[in-house]
Amino acid sequence: PPASLWGGWLCFIMSLVLIGGVTTWVIDFAELFGCVTGIEDSITAITLVALGTSMPDLFASRCAACRDEEADASIVNVTGSNSVNVFLGIGLP
């Protein structure tokens with residue numbers, strides 16, 4: 001829905017619902033993939049989480065590099081996203 005409806009709340013709620021639905025689908029797919037290939041659930045979970053956090057960063061960096069002559073934005077995006085993936089994605093206390 002357009003962000004102008006209900007002050008943006010409808011768009012926000014729909015986004016949350018869709019994120020939950022896609023997350024459920026990815027979890028089911030990962031379990032099925034691990035079952036079919038004989039790979040442990042922990043390995044498939046870690047691999048798909050790593051892929052899920054890295055692919056959007058890859059596309060964002062590529063877009064930034066293509067649009068900027070010096071590619072400053074893509075370098076910032078790569079270092080920032082890698083820092084977030086390392087410090088938050090690993091889940092160290």
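The shown structure was predicted, so the numbers you read here are calculated from the model rather than taken from an experiment. (Residues numbered from 1 in each chain as written. Predicted model: local features only at pLDDT ≥ 70, side-chain atom pairs only at ≥ 80, totals over all residues. Heavy atoms only, no water.)

Caption draft 1: The packing of aromatic side chains, seen in detail. Tallying each qualifying case throughout the model produces 3 aromatic pairs. With 5.9 Å between their ring centres and 10° between their planes, Trp25 and Phe29 make a pair best called stacked. Of this pair, Trp25 and Phe29 are both found in helix α1 (residues 9–37), 4 residues apart, which corresponds to roughly one turn of the helix. Judged by relative accessible area, which is 58%, Trp25 ranks as exposed. Summarising the aromatic geometry, the rings of Phe29 and Phe33 are spaced 6.1 Å apart at their centres and angled 25° between planes, so their arrangement reads as stacked. You can see Phe29 and its partner Phe33 sitting in helix α1, 4 residues apart, about one turn around the helix. Of the residues examined, Phe29 reaches a relative accessible area of 41% and is grouped as partly exposed. (Phe/Tyr/Trp six-rings, centres within 6.5 Å; stacked < 30°, edge-to-face > 60°. Helix = DSSP H or I, 4+ residues; strand = E, 2+ residues; numbered from the N terminus. Buried < 20%, exposed > 50% of the residue type's maximum accessible area, 1.4 Å probe, protein only.)

Caption draft 2: Quick look at a nonpolar patch on the surface. Together, Leu5, Trp6, Trp9, Phe12, Ile13, Leu16 and Val17 give the surface a local cluster of nonpolar side chains, amounting to about 810 Å² of exposed area. Within the secondary structure layout, Val17 lies in helix α1. (Patch = residues over 30% accessible without salt bridge, like charges linked within 9 Å, V, L, I, M, F, W, Y side chains within 5 Å. Areas by Shrake-Rupley, 256 points an atom, 1.4 Å probe, with all protein chains shown as cover. Salt bridge = Lys/Arg side-chain N within 4 Å of Asp/Glu carboxyl O.)

Caption draft 3: Structural context of α1. Given a rise of 1.5 Å per residue, 29 residues ought to cover 42 Å, and the 42 Å separating the end C-alpha atoms of α1 matches this to within 8%. In the stretch just after α1, Gly38 is the one whose phi turns positive, near 80°. (Expected span 1.5 Å × (residues − 1).)

Caption draft 4: Up close: the side chain of Thr44. Locating Thr44 in the fold gives a position in helix α2 (residues 41–67). Judged by its relative accessible area of 5%, Thr44 is buried. A distance of 3.0 Å separates a polar atom in the side chain of Thr44 from the backbone oxygen of Glu40. Engagement of the side chain of Thr44 in a polar contact is seen with the backbone oxygen of Asp41, the distance being 3.1 Å. If we ignore the near neighbours within four places in the chain, the residues touching Thr44 are Ala30, Phe33, Gly34 and Ile39. (Polar contact = N/O pair within 3.5 Å; in protein donor to acceptor, adjacent residues only side chain to side chain. Contact = heavy atoms within 4.5 Å.)

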